[in-house]
Amino acid sequence: RLASILDVAPAAIGLVRDRIILEVNEHMCAMLGYRKDELVGQSARLLYPSEEEFERVGREKYAQIERSGRGSIETRWRSKHGDDVEVMLSSAAVDPSDPSKGVTFTAFDITDRLWAERDLAAQRDLLSTVFDSAPYAVMVLDRELRVREANRALRESVGRSDSQDAMTDLLCGEAIECA
């Protein structure tokens, strides 16, 4: 029963002891392009694009496990075909009183989420640049007609510095009177 649960889980799941892979589910194999027999018995180092990342993850995650019984970290794994896979790796000791029994882990592929976050940040930067570059005064109001953002032209027209913080002091949070 447990094997069928592990194999249908929508996450990579496995077991390591002394950072040697002892067990993985089918989702992990599919995520990285390896067969189970290519992973089991190998050092977890195989999964990482660099020795530095392998060491960083081990140091940080095992320190978390020692402190609280579990650890989570965002990292990068390398697939069999050389593609980078961004993962959220979470681990816990099989037996907290005996670390020699190994550590279980789950890994979720967060590559798409991270790319979407990067794209969103770039779009926000572009929008901010366009907003602030407008030669006329522009402000963003919320539903209660409170100023939430003001562009450079508006800040300059009211004699404020280029700082959004200064504009916050002057306008943001204030309601605009409509005649």
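This text gives an overview of the structure that appears in the document. As the structure is a prediction and not an experimental result, all values here were calculated from the model.

**Some points on the overall build of the protein chain**
Phase 1: A tally of regular secondary structure across the protein chain gives seven helices and seven strands.
Phase 2: In the protein chain, the succession of helices and strands from N to C terminus is α-β-β-α-α-α-β-β-β-α-β-β-α-α.
Phase 3: Going through the 179 residues of the protein chain one by one, you find that 33% of them count as buried.
Phase 4: For the protein chain, the proportion of contacts with a sequence separation of at least 24, taken over those separated by at least 6, is 36%.

**Brief notes about the packing of aromatic side chains**
Phase 1: Following the criterion strictly, the structure yields three aromatic pairs and no others.
Phase 2: For the pair Y48 and W77, a centre-to-centre distance of 6.4 Å together with 85 degrees between the ring planes defines the contact as edge-to-face. Note that Y48 is positioned in the loop between α3 (36–39) and α4 (51–68) and W77 in strand β3 (residues 70–78), a separation of 29 residues in sequence. Each of the two residues, Y48 as well as W77, counts as buried.
Phase 3: Counting every residue linked through ring pairs, the aromatic cluster contains Y48, F54, W77 and F105.
Phase 4: Lying over the aromatic face of Y62, K61 brings its terminal NZ or CZ to 4.5 Å of the ring centre.
Phase 5: Over the aromatic face of W115 sits the side chain of R118, whose NZ or CZ is 5.3 Å from the ring centroid.

**Describing a nonpolar patch on the surface**
Phase 1: Together, M139, L141 and L145 give the surface a local cluster of nonpolar side chains, amounting to about 210 Å² of exposed area.
Phase 2: Note that M139 resides in strand β6 (residues 139–141).

**Considering the pairing of strand β4 (residues 84–93)**
Regular strands show a simple pattern: their side chains alternate between the two faces of the sheet.
Phase 1: Note: β3 against β4, nine bridges, orientation antiparallel. Of the residues in β4, the one forming a bridge with G71 is S91.
Phase 2: Between β3 and β4, which pair antiparallel one after the other, the connecting turn spans five residues, and G82 there sits at a positive phi close to 90 degrees.

**Re the sheet that holds β4**
Phase 1: Strand order in the open sheet formed by five strands is β2-β1-β5-β4-β3, with antiparallel pairing between adjacent strands. Looking at strand neighbours, the two that pair on one side only are β2 (20–24) and β3, the edges of this open sheet. Shown here is a sheet whose adjacent strand axes are inclined to one another by a mean of 30 degrees, direction ignored.
Phase 2: Pairing analysis gives four bridges linking strand β1 (residues 12–17) to β2, with the strands arranged antiparallel. Across the sheet, residue V16 finds its bridge partner in β2, namely I21.
Phase 3: Packed onto the sheet, α4 meets β1, β3, β4 and β5 (103–109) and runs at close to 165 degrees relative to β3.
Phase 4: The strands touched by helix α5 (residues 111–133) within the sheet are β3, β4 and β5, with β4 carrying the most contacts at an inclination of about 120 degrees.

About the criteria used
- Residues numbered from 1 in each chain as written.
- Predicted model: local features only at pLDDT ≥ 70, side-chain atom pairs only at ≥ 80, totals over all residues.
- Heavy atoms only, no water.
- Helix = DSSP H or I, 4+ residues; strand = E, 2+ residues; numbered from the N terminus.
- Buried < 20%, exposed > 50% of the residue type's maximum accessible area, 1.4 Å probe, protein only.
- Contact = heavy atoms within 4.5 Å.
- Phe/Tyr/Trp six-rings, centres within 6.5 Å; stacked < 30°, edge-to-face > 60°.
- Lys NZ or Arg CZ within 6 Å of the ring centre and 35° of its normal.
- Patch = residues over 30% accessible without salt bridge, like charges linked within 9 Å, V, L, I, M, F, W, Y side chains within 5 Å.
- Areas by Shrake-Rupley, 256 points an atom, 1.4 Å probe, with all protein chains shown as cover.
- Salt bridge = Lys/Arg side-chain N within 4 Å of Asp/Glu carboxyl O.
- Pairing = 2+ DSSP bridges.
- Axes fitted to C-alpha atoms, helices over the stretch in contact; angles between N-to-C directions.

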